[in-house]
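# Coordinates in review
Take a look at the letters that make up each chain.
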Amino acid sequence: MKIKDAHELLSKYVTSNTLQRHCLTVSVVLKYWANLLGEPDCEFWESVGLLHDIDYEQFPNEHCKKAKEILEAEKTNYPDISNELIHAVQSHGWKICCDVAPVHIMEKILYTVDELTGLIFACAMARPSRSVMDLEVKSVMKKFKTPAFAAGCNREIITNGMELIKAEIPNIDNNEIIQRCILAMRTNAPLLGVGVV
Ligand SMILES: [Fe+2]
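Residues numbered from 1 in each chain as written. Predicted model: local features only at pLDDT ≥ 70, side-chain atom pairs only at ≥ 80, totals over all residues. Heavy atoms only, no water.

## Details of the packing of aromatic side chains
Two aromatic rings, taken as a pair, are described by how far apart their centres are and by the angle between their planes. This is how the line gets drawn: What counts as a ring pair is set by centres within 6.5 Å for rings of Phe, Tyr and Trp (its six-membered ring), and what kind of pair is set by the plane angle: stacked under 30 degrees, edge-to-face over 60, tilted for all other angles. For a lysine, the NZ atom is tested; for an arginine, the CZ atom; a charge sits over a ring if that atom is within 6 Å of the ring centre and within 35 degrees of the ring normal.
Tallied over the full model, the rule gives 1 aromatic pair. Looking at K66, its charged tip hangs above the ring of F59, at a distance of 4.8 Å from the centre. Just above the ring of F149 sits the side chain of K143; from NZ or CZ to the centre is 5.2 Å.

So, in structure tokens, the structure goes:
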């Protein structure tokens with residue numbers, strides 16, 4: 001799916017600046033990972049990231065279930081919405097609000113960075129610079145081990161997600177996964193609200 005279409009579609013269902021920024025952040029991070037892993041269709045990863053919370057503003061209590069209905073219905077307007085895309089979107093709610101498990105490597109990264117980018121964002125906001133440009137992994141790790149900090153970011157999901165990623169990518173560790181997410185957010189930091197303009 002073209003990222004331009006994904007933006008247009010998201011704007012039909014999400015108006016909150018905070019949620020739009022979160023969707024954009026996850027999109028930017030998935031695009032980074034797609035490039036890193038040499039994926040042929042980076043735009044697909046980017047579009048999944050952008051659309052993963054398409055139902056959350058209107059249907060927070062039916063998250064990931066309504067997403068499937070919305071995306072199925074929008075197939076008439078956007079024929080590029082594939083079953084693969086719908087599966088990916090649903091799988092980020094695995095064991096939280098739906099039973100679709102992440103299978104593809106992209107889905108495992110989405111599952112992880114959905115929470116991890118929130119923690120990194122909070123870490124950046126806690127800095128004098130309010131930026132990811134000078135944020136280091138060790139600072140994120142320290143905050144990761146402080147449950148009261150950004151308590152809404154689910155550490156168990158991040159931990160489980162990183163295990164899923166490590167099973168897919170040889171020789172990667174938690175530090176590198178976090179570092180990659182920081183680097184990804186740096187690629188578009190001002191737009192994501194985490195950079196010195
Ligand atoms: Fe999300």
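## Considerations on the nonpolar core
Defined as follows: Note on terminology: a nonpolar core comprises buried Ala, Val, Leu, Ile, Met, Phe, Trp, Tyr and Cys residues joined through side-chain atoms within 4.5 Å. Using a 1.4 Å probe on the protein chains alone, a residue whose accessible area is under 20% of its type maximum counts as buried, one over 50% counts as exposed, and one in between counts as partly exposed. Numbering of helices and strands starts at the N terminus; helices are DSSP runs of H or I of at least 4 residues and strands are runs of E of at least 2.
Core analysis: the largest hydrophobic core is formed by 67 residues, its most contacted members being L9, W33, W45, L85, L119 and I120. Among the elements that make up this core, the one with the highest residue count is helix α6 (residues 105-125) (12 residues).

## A closer look at unusual backbone geometry
Residues apart from glycine generally show negative phi values, whereas peptide bonds are mostly found in trans. Positive phi, normally seen in glycine, also occurs at K95, with a value near 65°. Counting through the fold element by element, K95 comes out in the loop between α5 (83-91) and α6. Here K95 falls in the exposed class, since its relative accessible area comes to 69%. One non-glycine residue, N171, lies in the positive phi region at around 65°. Following the sequence through the fold, N171 ends up in the loop between α8 (155-168) and α9 (174-186). Given a relative accessible area of 78%, N171 falls into the exposed group.

## Here's the deal with the packing of α5 against α6
For clarity, the cut-off: For every element, the axis is a line fit to its C-alpha atoms; helices are fit only across the contacting stretch, and the angle between N-to-C directions ranges from 0 to 180 degrees. Helix crossings get a hand from a simple test, with the near helix turned counterclockwise from the far one by less than a right angle marking a left-handed crossing and a clockwise turn marking a right-handed one. Pairs of residues are marked as contacts when any of their non-hydrogen atoms sit within 4.5 Å. Residues are grouped as follows: Ala, Val, Leu, Ile, Met, Phe, Trp, Tyr, Cys and Pro are nonpolar; Asp, Glu, Lys and Arg are charged; every other residue, Gly included, is polar.
Running from amino to carboxyl end, α5 crosses α6 at an angle of 30°, the nearest separation of the two axes being 9 Å. Considering the relative orientation of α5 and α6, their crossing is right-handed. Where α5 approaches α6, its residues E84, H87, A88 and S91 are matched on the opposing element by M106, E107, L110 and Y111. Looking at the contact of α5 with α6, its residues break down into 4 nonpolar, 2 polar and 2 charged.

## Things to note about the coordination of the iron ion
How we decide: Metal coordination here is assigned from N, O and S atoms located within 2.8 Å of the ion, or within 3.2 Å for Na, K and Ca; omission of water means that sites may look incomplete.
Around the iron ion, the protein supplies H22 (NE2), H52 (NE2), D53 (OD) and D114 (OD) as donor atoms, at distances of 2.0 to 2.3 Å. All donors of the iron ion belong to a single chain; written as a sequence motif, their spacing is H-x29-H-D-x60-D. Of this pair, H22 sits in helix α2 (residues 17-36) while D53 sits in the loop between α3 (42-51) and α4 (65-73); the two residues are 31 residues apart in sequence, bridging distant segments of the chain. According to the relative accessible area criterion, H22 is partly exposed, its value standing at 21%.

## Structural notes on the packing of α6 against helix α7 (residues 137-144)
Where we set the bar: Throughout, the term roughly parallel applies to angles under 35 degrees, roughly antiparallel to angles over 145, roughly perpendicular to angles from 65 to 115, and oblique to all others.
Running from amino to carboxyl end, α6 crosses α7 at an angle of 105°, the nearest separation of the two axes being 10 Å. As the angle between them shows, α6 and α7 are arranged roughly perpendicular. Residues L119, I120 and C123 of α6 pack against V140, K143 and F144 of α7. Of the residues that constitute the contact of α6 with α7, the class distribution is 5 nonpolar, no polar and 1 charged.

## A word on the side chain of Q90
Topologically, Q90 is positioned in helix α5. Classification of Q90 as buried rests on a relative accessible area of 10%. Once residues within four sequence positions are removed from consideration, Q90 is found in contact with C64, K65, K68, C98 and V100.

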